[in-house]
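A closer look at the structure
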Amino acid sequence: MIDAMPFTVVGGGDLLAVEPGQTVPFAVSVRLEGLAPEEFEFTVEGLDPDWTLIPSGSVRVEPGREHVERLFVKPPKAPESTAGDYPFAVRVRSLDTGESRSVQAVLHLKTFHHVGAEIDPKKGYVSPFKRQNAFEVTVVNLGNREHTFSLAGSDPEDRLAFEFADDHVTIPPGSQRSVEVVANPVSTPVLSTGRLFGFSVTARATDSPAVVTQTQAQLEQRAFLSPVTLILFLLAAAIVGAW
């Protein structure tokens, strides 16, 4: 309770916890101890004005009566609503006397996660003469908390090896980071048919393992000499030799 004359103001709690995108009420009671009715207005200080809603522009309180005003706080579900604690105050001012009182509280903004990943190009290739097996992985953090992500590549047959320019990236809320990764076949036989490998790159938050995202691509391994090509070459050589 703040002061005793001519009016008192009491808040509905010291801590408000809310998830971005949801609404939480905050009650403020005003009790008038004077001899005449007064008009009061309410303002919220310390929070983004777009986060708060005050239904009444002003209220009239009779002497010896108590009025409870219910305010609402709704931070948007966006990266700008950074997780953490936000101290704020609700100020109550008499429009008749100009006197004001305030109550203080803390808004605890909870964490929400929204991450994604993309890879470019979607398909690469390797051959004895030329290769395009460097990919760019972009990880996006649209949540409201900074994360450090660990990057790893995998394929179902374990036939590929991956080299990352950086296997850990730190991404603030509302940001993205791109990392180059090179995929190479573990073995490159001279005589074989071409093969197509599907693989995934996973980004996992080191401090929150449940926060994970994944993207897929393909790598084509082109053969230097296929069995069919070798047979045709030997037949042609035999024909030339017989001639």
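Below is a short write-up of the structure. (Residues numbered from 1 in each chain as written. Predicted model: local features only at pLDDT ≥ 70, side-chain atom pairs only at ≥ 80, totals over all residues. Heavy atoms only, no water.)

What follows covers the sheet that holds strand 16 (residues 168-171). Read across the open sheet, the six strands follow the order 12-11-19-18-14-16; overall the sheet is mixed. Two strands lie at the open edges of the sheet, namely strand 12 (131-132) and strand 16, each paired on one side alone. One ladder, built from ten bridges, connects strand 18 (residues 195-205) with strand 19 (residues 212-221); its direction is antiparallel. Within the sheet, the bridge partner assigned to A203 lies in strand 19 and is T213. (Pairing = 2+ DSSP bridges. Helix = DSSP H or I, 4+ residues; strand = E, 2+ residues; numbered from the N terminus.)

Another aspect to go through is the side chain of T202. Here T202 shows up in strand 18. A relative accessible area of 15% places T202 in the buried class. Among residues more than four places away in sequence, those in contact with T202 are S150, L151, A152, V212, T213 and Q214. (Buried < 20%, exposed > 50% of the residue type's maximum accessible area, 1.4 Å probe, protein only. Contact = heavy atoms within 4.5 Å.)

All right, on to the pairing of strand 8 (residues 84-94) then. Bridging between strand 4 (residues 38-45) and strand 8 involves six bridges; their strand directions are antiparallel. Each residue of the ladder has a partner; that of T43, found in strand 8, is R91. Relative to strand 9 (residues 100-109), strand 8 runs antiparallel, the two being bridged by ten bridges. From the neighbouring strand, Y86 faces strand 9, where its bridge partner is L107. Linking strand 8 to strand 9, which pair antiparallel, is a turn of five residues; within it G98 sits at a positive phi near 85°.

All right, on to the pattern of salt bridges then. Within this structure, the stated rule accounts for ten salt bridges. Note that R31 and E33 form a salt bridge whose closest N and O atoms lie 3.2 Å from each other. For E33, a relative accessible area of 32% translates into the label partly exposed. (Salt bridge = Lys/Arg side-chain N within 4 Å of Asp/Glu carboxyl O.)

On to empty space enclosed by the protein. As enumerated under the stated definition, the model contains one cavity of 30 Å³ or more in all. Each pocket or cavity is described by its volume, and for the largest cavity that value is around 40 Å³. Lining the largest cavity, in full, are F26, V44, T52, L53, L71, F72, V73, F88 and V90. Secondary-structure elements contributing two or more residues to the lining of the largest cavity are strand 5 (52-53), strand 7 (66-73) and strand 8. Element by element, the count of residues in the lining of the largest cavity is highest for strand 7, at three residues. Across the lining of the largest cavity, the residue classes tally to eight nonpolar, one polar and no charged. (1 Å grid on protein atoms, 1.4 Å probe; cavity = no way out; pocket = protein on both sides within 12 Å on 5 of 7 lines; lining within 4 Å. Points joined across faces, edges and corners; volume = space filled by probe spheres on them. Nonpolar A, V, L, I, M, F, W, Y, C, P; charged D, E, K, R; others polar.)

Bringing the packing of aromatic side chains into the picture now. The full count for this structure, using the stated rule, is five aromatic pairs. Judged by centre distance (5.5 Å) and plane angle (50°), the ring pair of F162 and F199 falls under tilted. Of the two residues, F162 sits in strand 15 (residues 160-164) while F199 sits in strand 18, which places them 37 residues apart along the sequence. The pair formed by F162 and F199 is uniform in burial state, with each residue classed as buried. For R101, the ring lying beneath its charged end belongs to F7, and the centroid distance is 4.8 Å. In this arrangement the basic side chain of R222 is found over the ring face of Y125, its NZ or CZ atom lying 3.9 Å from the centre. (Phe/Tyr/Trp six-rings, centres within 6.5 Å; stacked < 30°, edge-to-face > 60°. Lys NZ or Arg CZ within 6 Å of the ring centre and 35° of its normal.)

Here the focus is unusual backbone geometry. Omega for the peptide link from D120 to P121 comes to 0°, which places this bond in the cis form. Positive phi is not limited to glycine here, since D158 has a value of about 50°.

Spatially, 2-9-8-4-6 is the arrangement adopted by the five strands of the open sheet, whose pairing is mixed. The sheet terminates laterally at strand 2 (15-18) and strand 6 (59-61), the two strands that pair on one side only. For this sheet, the mean inter-axis angle between neighbouring strands, taken without regard to orientation, is 30°. (Axes fitted to C-alpha atoms, helices over the stretch in contact; angles between N-to-C directions.)

Let us look at the environment of V169. Along the chain, the position of V169 falls in strand 16. Its relative accessible area of 9% is what places V169 among the buried residues. Spatially, the C-alpha atom of V169 lies 6.8 Å from that of S150, the residues being 19 residues apart in sequence. Setting aside residues no more than four positions away along its own chain, V169 makes contact with H147, T148, F149, R177 and V179.

Functional significance is not addressed by these values, which are geometric in nature.
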